[in-house]
Amino acid sequence: LGDVGVRFMAGAAAGATATALTYPLDVLRARMAVSLGKDAVFDGYCRALRHVIRTEGLLSLWSGARVTLLGIVPYSGLSFSMFETMKAKVKDRRGC
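First, a word on what this report is: a plain description of the structure on this page. All values derive from a computational prediction rather than experimental measurement.

**Observations regarding the nonpolar core**
Part 1 of the reasoning: The biggest cluster of nonpolar side chains holds six residues, and these are Leu 28, Met 32, Phe 42, Ala 48, Val 52 and Leu 61.
Part 2 of the reasoning: Within the residue set of this core, elements represented by two or more residues are helix H1 (2-34) and helix H2 (45-56).
Part 3 of the reasoning: Ignoring sequence-local partners within four residues, the contact set of Ala 48 consists of Leu 28, Met 32 and Phe 42.

**Notes on the packing of H1 against H2**
Part 1 of the reasoning: Running from N to C, H1 and H2 point in directions that differ by 100°, and their axes come no closer than 10 Å. Compared by their axis directions, H1 and H2 come out roughly perpendicular. Along the contact surface, H1 presents Leu 25, Leu 28, Arg 29, Arg 31 and Met 32, while H2 presents Tyr 45, Ala 48, Leu 49, Val 52 and Glu 56.
Part 2 of the reasoning: For the contact of H1 with H2, the class distribution of residues is seven nonpolar, no polar and three charged.

**Some remarks on a nonpolar patch on the surface**
Part 1 of the reasoning: A cluster of nonpolar side chains, Leu 49, Ile 53, Leu 58, Leu 59 and Trp 62, forms an exposed patch at the surface whose accessible area comes to about 470 Å².
Part 2 of the reasoning: Here Leu 49 is to be found in helix H2.
Part 3 of the reasoning: On the accessibility criterion, Leu 49 (33% relative accessible area) is partly exposed.

**Describing the pattern of salt bridges**
Part 1 of the reasoning: Under the criterion given, the structure shown has four salt bridges.
Part 2 of the reasoning: Between Asp 26 and Arg 29 there is a salt bridge, with the nearest N and O atoms lying 2.7 Å from each other. Taken as a pair, Asp 26 and Arg 29 lie in helix H1 at a separation of three residues, close to a single helical turn.
Part 3 of the reasoning: The partly exposed category is assigned to Asp 26, whose relative accessible area is 35%.
Part 4 of the reasoning: Here Asp 43 and Arg 47 are joined by a salt bridge, their closest N and O atoms 2.6 Å apart.
Part 5 of the reasoning: Look at Asp 43 and you get exposed, because its relative accessible area is 58%.
Part 6 of the reasoning: Residue Arg 47 is classed as partly exposed on the basis of its relative accessible area of 47%.

Scoring rules and cut-offs
- Residues numbered from 1 in each chain as written.
- Predicted model: local features only at pLDDT ≥ 70, side-chain atom pairs only at ≥ 80, totals over all residues.
- Heavy atoms only, no water.
- Core = buried A, V, L, I, M, F, W, Y, C linked by side-chain atoms within 4.5 Å.
- Buried < 20%, exposed > 50% of the residue type's maximum accessible area, 1.4 Å probe, protein only.
- Helix = DSSP H or I, 4+ residues; strand = E, 2+ residues; numbered from the N terminus.
- Contact = heavy atoms within 4.5 Å.
- Axes fitted to C-alpha atoms, helices over the stretch in contact; angles between N-to-C directions.
- Parallel < 35°, antiparallel > 145°, perpendicular 65-115°, else oblique.
- Nonpolar A, V, L, I, M, F, W, Y, C, P; charged D, E, K, R; others polar.
- Patch = residues over 30% accessible without salt bridge, like charges linked within 9 Å, V, L, I, M, F, W, Y side chains within 5 Å.
- Areas by Shrake-Rupley, 256 points an atom, 1.4 Å probe, with all protein chains shown as cover.
- Salt bridge = Lys/Arg side-chain N within 4 Å of Asp/Glu carboxyl O.

Here's what the structure looks like:
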């Protein structure tokens, strides 16, 4: 793979992991934002989490995650590989 390929894979894996772990929080935040006012179903993360799991199931917390991952994997892979590659090039030029 070479250095750039390894850096791309590391960045893509990091982005996918971070997204997969935080996606349920984003789903809950979006649901609470839609449910504002007197008729709010959710008044906090714990109630929202309980309600969503009971009514829709645990996996519903990751509904839509595939599309997000399709965008974040190449983005984070390219971002990480470009940054680390440029950093290595600058370091070599400066002799550090």
